[in-house]
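If you want the building blocks of each chain, they are given just below.
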Amino acid sequence: MSILHKSLDPNFNKMLTRFLSFDERLEQVIQSAINALLEAQHSDGHWLFELEADATISSEYVLMVHYLGELPNSILEEKIGVYLRRIQGKHGGWPLFHDGDFDMSASVKAYFALKMIGDPLDAPHMKHARDAILAHGGAAKSNVFTRILLALYGILDWRAVPIMPVEIMLLPSWFPFHLSKISYWARTVIVPLLVLQVYQPRARNPRGIGIDEIFIGLPSDVDSISKAAHQSQGWFSFFSTIDTLLRKFDPYFPKKLRQNAINAAVRFVEERLNGEEGLGAIFLAMVNSVLMYDVLGYPPEHPHRAIARKSIDKLLVIHDDEAYCQPCLSPVWDTALTAHALLETGESHAIEHAAKGLDWLLPLQILDTRGDWVSRRANVRPGGWAFQFSNPHYPDVDDTAVVAMAMDRVEKLQVRNHYRNAIDRACEWVIGMQSHNGGWGAFEAENTYLYLNNIPFSDHGSLLDPPTVDVSARCLSMLAQLSSTPQRRAAALRAKCYLLANQEDDGSWYGRWGINYIYGTWSTLSGLHAAGIKMDALAICRAAHWLRSTQNSDGSWGEDGDSYKINYHGHEPSTGTVSQTAWALLGLMAAGCEHDEAVKRGIEYLLNTQNNKGLWDEALFTATGFPRVFYLRYHGYCKFFPLWALARYRNLSKSTTAINSANPCS
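Rules behind the numbers
- Residues numbered from 1 in each chain as written.
- Predicted model: local features only at pLDDT ≥ 70, side-chain atom pairs only at ≥ 80, totals over all residues.
- Heavy atoms only, no water.
- Helix = DSSP H or I, 4+ residues; strand = E, 2+ residues; numbered from the N terminus.
- Rg over C-alpha atoms; globule rule 2.2 N^0.38 Å.
- Buried < 20%, exposed > 50% of the residue type's maximum accessible area, 1.4 Å probe, protein only.
- Contact = heavy atoms within 4.5 Å.
- Areas by Shrake-Rupley, 256 points an atom, 1.4 Å probe, with all protein chains shown as cover.
- Lys, Arg positive; Asp, Glu negative; His and termini not counted.
- Charge placed at Lys NZ, Arg CZ, Asp CG, Glu CD.
- Phe/Tyr/Trp six-rings, centres within 6.5 Å; stacked < 30°, edge-to-face > 60°.
- Lys NZ or Arg CZ within 6 Å of the ring centre and 35° of its normal.
- Salt bridge = Lys/Arg side-chain N within 4 Å of Asp/Glu carboxyl O.
- Pairing = 2+ DSSP bridges.
- Patch = residues over 30% accessible without salt bridge, like charges linked within 9 Å, V, L, I, M, F, W, Y side chains within 5 Å.
- pLDDT = per-residue confidence, 0-100.
- Expected span 1.5 Å × (residues − 1).
- Polar contact = N/O pair within 3.5 Å; in protein donor to acceptor, adjacent residues only side chain to side chain.
- Arc of directions from axis to C-beta.
- Axes fitted to C-alpha atoms, helices over the stretch in contact; angles between N-to-C directions.
- Left-handed = near helix turned anticlockwise from the far one by under 90°.
- Nonpolar A, V, L, I, M, F, W, Y, C, P; charged D, E, K, R; others polar.

Q: Sorry, what's going on with the overall build of the protein chain here?
A: Check the secondary structure of the protein chain and you find 24 helices and five strands. Relative to the 2.2 N^0.38 estimate, which gives 26 Å for 666 residues, the radius of gyration of the protein chain is 25 Å and therefore close to what a compact globule would have. Buried positions account for 61% of the 666 residues belonging to the protein chain. Across the protein chain, contacts joining residues at least 24 apart in sequence account for 75% of those joining residues at least 6 apart. Entry remark: accessible area of the protein chain is about 25,900 Å², with carbon and sulfur atoms responsible for 55%. Of note, the protein chain has its 61 positive side-chain charges centred 4 Å away from the centre of its 71 negative side-chain charges.

Encoded structure:
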C-alpha cells in the first residue's frame, strides 16, 4: 500500500496527488471514493442519502403544523427558517431549483411560512420577497396546489380552486376521468383532497397569520385559474365549462351518494396507509391524509391519524444549524445505484458490501400485494421493488430493473445463485408492465390519457405516468443483461424500437426523471449498448456527437431545469455538475468513445473535484419530479455516479491499450 493510502491527513493526500501519474491519481480517487461509500453504509446494509426539493415542501410542513393547531417546535421552526432564508434567490423569491428563476408558488409558500415562523415584515429578506411577488403579479398567480393551501387557510375563496367532486370515487372505470387513468402520485394526493373539498375546512392558525399584502387587489376577488402554457385552449375551455357546471350542481348531489363517496375515499386511504411510511410514501399525499382525518373528526390519538402524522416527521432532515423536509425517502434507489458503482470497481471488499446491500433489498421485493397497477395488468404477478422503505401498492419499474441488474451482477461475480428467483420474478413483472408502444412508465402501464392534462386541476401538466425513454432504457438494459428467453427477447426488441423512434432531432434523448437530455441520452446509450446495437450505428454516432458538443470548457457537463421549458430549442450551456458529467461519460463510453479526448477531459474534471472526504459536492439540482414544476436534488448522485464513471473508464482502459481505429467518435 502506498504512503498515500496510509496517510490520515486528507489535505496531505491531496497535495501528494500532484506528483502522481494520471493512472495513479485515478486509482487513488477510486479507492478514496470506495472507502467513503463503505463508511456511509448502514449496519443493516442499506444506503440512504438526503433527497431535497425546493422551498415548498419545508414551507408546507410549517403551515401544516399551524393548520392543525399543533404546538410548534420553536427550535425546529427556527432551523427551517434558516434553511428557507438561505435558499432565497437573489431575485427575492424562491426558485424551483438552485440558482433558478423566480417561481410564484414556491415564493408564496416560503413567504407565508417565514411569516408564520415569526419573521418581521420589515426584515430585508421579507421585503425583498414581497416586492418580487408583487412585481410578478402577486399571489393570485399561484398554481392549483398553492391555491388549495390558501383556501384551507381562508385566504382564497374555494371558487379559486378547480372543483373535484368526491363522487369521482364512484365513477366506473370506462368513464373519461377515473382514478385508474391518472398517475399514482396524483391518485394518492387527490383522494384525501376530495374529502377536504366537500367540507372546505378552515385552518386553526392560532397566530392568525395572513398574507393579504402579497396580493394585488383583494384575495377574495381571485377567481378561477387560467390556462397553463402546456394546455390546449379547446380542451381547457371544454373542461372549464364542465368545472362551472359541476360547481353549479354540486350542492344538489344526493347526500347518500356523497356519503358513499366519502366512505370510498376513506377506505382507499386506509387500505394504502402504509404504516409509518405514509400514504403513497410521498409528502403531499401524507399531509392530505392527515388533514382528511382531521376534518372527519378523528382525534390526534386515533391510530390511523397518529401513524399518518408520524410518517411526515420521518421526512425531516435536522442538522445542527438548519432543517428541511424531504418529499420522500429513497433507500431502494440509493442502495441499488451505490451497489452498481461499487460492483463496477471490481474490488472484492466493495463487492462484498454491495452484496450486503442487495441482501437488505431482497426481502423488500413486493410479491403478494396487487397494487393499483393491476387496473391495466390484472394477469401479471407482483414482483417489483418500491422506491421507499415500503410502498407495496406502488412498486417502481425503474427501481426494479436497477435492483435486478445489480443482483445479477453479484451472482456472476460471486458465482452463486442467491438472487435468481427474485431476479426472474422481477423480470416477469417488468415485462408485464411494458406498454403497447414498447416503453415503460415508472409506476403504471398504458397511462397515456393525455387529454386529462388539460383539466383545470392539472396546471402542473403531470397528472399522468406515460412511458419514458429513461425508464424504458433501464428495462432494456435489464432484459439484455439477463439470460435470454423468447419472452425477454420479444420485449427487448419492442423496447429497442421504442427508444430508436424517440431520439430527438439533435441526437439526444429526453430525460423525464433526471435533468435532462444528458440523463436521457446516457440512459438510452447504455440500454442500446447492452442490447447489442453496433457502435457505428447512426443513432449511436449522433448521440455521441451531441454529448461531445455539449461539454463545457472545463471538461464538465451541465444542464438545468430550464431545459424542460416548452419553447426549448436546443442545449444551453450551464454550470457543470459531477453527476451530469458522470452520466455523459458513461454515455460516451457506452457508445465506444472511451478513447475520445472529451472523455479524458471529463475524467480529469472528476479527478480534480473530489473532496477531502473522498466524495464529491454538488449544490445544483440534477433530478426531476415534474418537469417545469418540481425538481429534486439527490444528495447521493454526486457520491456514487462519479465513482461508477471512473471505475468504468479504468476498466475499459485496462482492456484496450490502443485507440481503436474503428472508434465511432474518431
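Back to the write-up after that little detour.
Q: Whenever I open this one, the packing of aromatic side chains confuses me. Can you help?
A: The geometry of an aromatic ring pair is captured by the separation of the ring centres together with the interplanar angle, meaning the angle of the planes. This model, assessed by the stated rule, comprises 39 aromatic pairs. Taken together, a centroid distance of 6.1 Å and an interplanar angle of 75° make the contact between Trp-185 and Phe-443 edge-to-face. With a gap of 258 residues between them, Trp-185 in helix α9 (residues 184-199) and Phe-443 in the loop between α17 (420-432) and α18 (469-481) connect regions that are remote in the sequence. Grouping residues by exposure puts Trp-185 and Phe-443 together as buried. Taking the centre distance of 4.8 Å and the plane angle of 50° together, the rings of Tyr-293 and Tyr-298 count as tilted. Both residues of the pair, Tyr-293 and Tyr-298, belong to the buried class. Among the aromatic residues, those joined into a cluster by ring pairs are Phe-49, Phe-387, Tyr-519, Trp-522, Trp-583, Tyr-634, Tyr-637, Phe-640, Phe-641 and Trp-644. Cation over ring: Lys-181 sits above Tyr-449, and NZ or CZ is 5.3 Å from the ring centre. The ring of Phe-22 has Lys-600 sitting right over it, with the charged end atom 4.6 Å from the ring centre.

Q: Any chance you could explain the pattern of salt bridges here in plain terms?
A: Charged atoms that come close allow side chains of opposite charge to pair. Evaluated as defined, the whole model comprises 37 salt bridges. Salt-bridge contacts for Lys-412 lead to Asp-408; the nearest nitrogen and oxygen are separated by 2.8 Å. With a gap of four residues between them, Lys-412 and Asp-408 both fall in helix α16 (residues 397-414), about one helical turn apart. Among the charged side chains, a network of salt bridges with common partners joins Arg-187, Glu-271, Arg-272, Asp-372 and Glu-444.

Q: Mind showing me how you'd approach the side chain of Ser-142 here?
A: Secondary-structure assignment places Ser-142 in the loop between α7 (124-135) and α8 (144-152). Not counting the four nearest positions on each side in its chain, Ser-142 is found in contact with Met-104, Ser-105, Val-108, Arg-147 and Ile-225.

Q: Any chance you could explain the environment of Lys-356 here in plain terms?
A: Positionally, Lys-356 belongs in helix α15 (residues 348-361). Every residue in contact with Lys-356, bar those within four places of it in the chain, is listed here: Gln-41, Ser-43, Asp-44 and Gly-45.

Q: Would you mind showing me how to read the sheet that holds strand β4 (residues 623-626) here?
A: Strand pairing in a sheet takes place through backbone hydrogen bonds and is either antiparallel or parallel in direction. Strand order in the open sheet formed by three strands is β1-β5-β4, with antiparallel pairing between adjacent strands. Each edge of the open sheet is held by one strand with a lone partner, namely β1 (51-52) and β4. Direction of pairing for β4 relative to strand β5 (residues 630-634): antiparallel, over a ladder of three bridges. Paired with Ala-623 across the two strands is Leu-632, which belongs to β5.

Q: Which parts of the structure should I look at to understand a nonpolar patch on the surface?
A: Side chains of Trp-235, Phe-238 and Ile-242 sit close together on the surface and give an oily, nonpolar patch of about 280 Å² of accessible area. The topology assignment puts Ile-242 in helix α10 (residues 233-249).

Q: Looking at this structure, how should I read the confidence of the model for the protein chain?
A: Low pLDDT marks stretches whose predicted atomic positions should not be read closely. For the protein chain, mean pLDDT is 94; residues scoring 70 or higher make up 95% of the total. Per-residue pLDDT stays below 50 along residues 1-8; that stretch engages in 11 contacts with residues further than four places along the chain or on separate chains. Confidence over residues 657-662 falls short of pLDDT 50; this stretch has four contacts with residues more than four positions distant or in other chains.

Q: Mind showing me how you'd approach unusual backbone geometry here?
A: Leaving glycine aside, a negative phi is the common case for residues, and trans is the common case for peptide bonds. Positive phi is not limited to glycine here, since Asn-274 has a value of about 70°. Mapping Asn-274 onto the fold places it in the loop between α11 (255-271) and α12 (283-295). On the basis of relative accessibility, which here comes to 16%, the residue Asn-274 falls in the buried class. The phi dihedral of Arg-628 is positive, around 70°, even though this residue is not glycine. Locating Arg-628 in the fold gives a position in the loop between β4 and β5.

Q: Explain helix α23 (residues 597-609) to me, please; I cannot follow it from the model alone.
A: Count 3.6 residues to each turn of an α-helix, and residues three or four apart come out pointing the same way. Over its 13 residues, α23 runs 19 Å from end to end, which matches the ideal 18 Å to within 8%, given 1.5 Å per residue. By the burial criterion, the buried members of α23 are Ala-598, Val-599, Gly-602, Ile-603, Tyr-605, Leu-606 and Leu-607. Buried residues in α23 make contact with α3 (22-40), α21 (538-549), α22 (578-590) and α24 (637-655). Where α23 begins, the side chain of Asp-596 points an oxygen toward the backbone nitrogen of Ala-598, at a separation of 2.9 Å.

Q: Help me out: how do you make sense of the pairing of β5 in this one?
A: Regular strands place their side chains on alternate faces of the sheet. In terms of burial, β5 is largely enclosed, as five of its five residues are buried. By the alternation rule, side chains of β5 split into Phe-630, Leu-632 and Tyr-634 and Tyr-631 and Arg-633, which are all buried. Pairing analysis gives two bridges linking β1 to β5, with the strands arranged antiparallel. Note on β5: the bridge partner recorded for Glu-52 is Arg-633.

Q: For this particular structure, what's the right way to read helix α13 (residues 303-313)?
A: Taken residue by residue, α13 has Arg-305, Ala-308, Arg-309, Ser-311 and Ile-312 as its buried positions. All buried residues of α13 lie within an arc of 155° about the axis, which places them on one face of the element. Buried-residue contacts for α13 involve α4 (55-68), α12, β2 (316-318) and β3 (323-325).

Q: Teacher, can you tell me more about the environment of Glu-411 here?
A: On the secondary structure map, Glu-411 appears in helix α16. Each C-alpha atom of the pair Glu-411 and Ala-355 lies 9.1 Å from the other, and the pair is 56 residues apart in sequence. Setting aside its immediate chain neighbours within four residues, Glu-411 contacts Arg-416, Asn-417, His-418, Tyr-419, Arg-420 and Ile-423. Here His-418 takes part through its backbone nitrogen, which lies 2.8 Å from a polar atom of the side chain of Glu-411.

Q: How should the packing of helix α20 (residues 517-530) against α21 be read in this particular structure?
A: The description of two helices packed together rests on the angle between their axes and the distance between the axes. The geometry of α20 relative to α21 is characterised by a closest axis approach of 11 Å and an angle of 145° between their N-to-C directions. Judged by the sense of rotation from one axis to the other, the crossing of α20 with α21 is left-handed. Taken together, the residues of α21 that come into contact with α20 (itself represented by Tyr-517, Ile-518, Thr-521, Leu-525 and Leu-528) are Ile-540, Ala-543, Trp-546 and Leu-547. Classifying every residue of the contact of α20 with α21 gives eight nonpolar, one polar and no charged.

Q: Please clarify how the environment of Leu-68 should be interpreted in this entry.
A: Relative to the helices and strands, Leu-68 is located in helix α4. For the pair Leu-68 and Leu-296, spaced 228 residues apart in sequence, the C-alpha to C-alpha distance is 13 Å. What Leu-68 contacts, discounting residues up to four positions off in sequence, is Arg-204, Val-290, Leu-291, Asp-294, Arg-305 and Arg-309.

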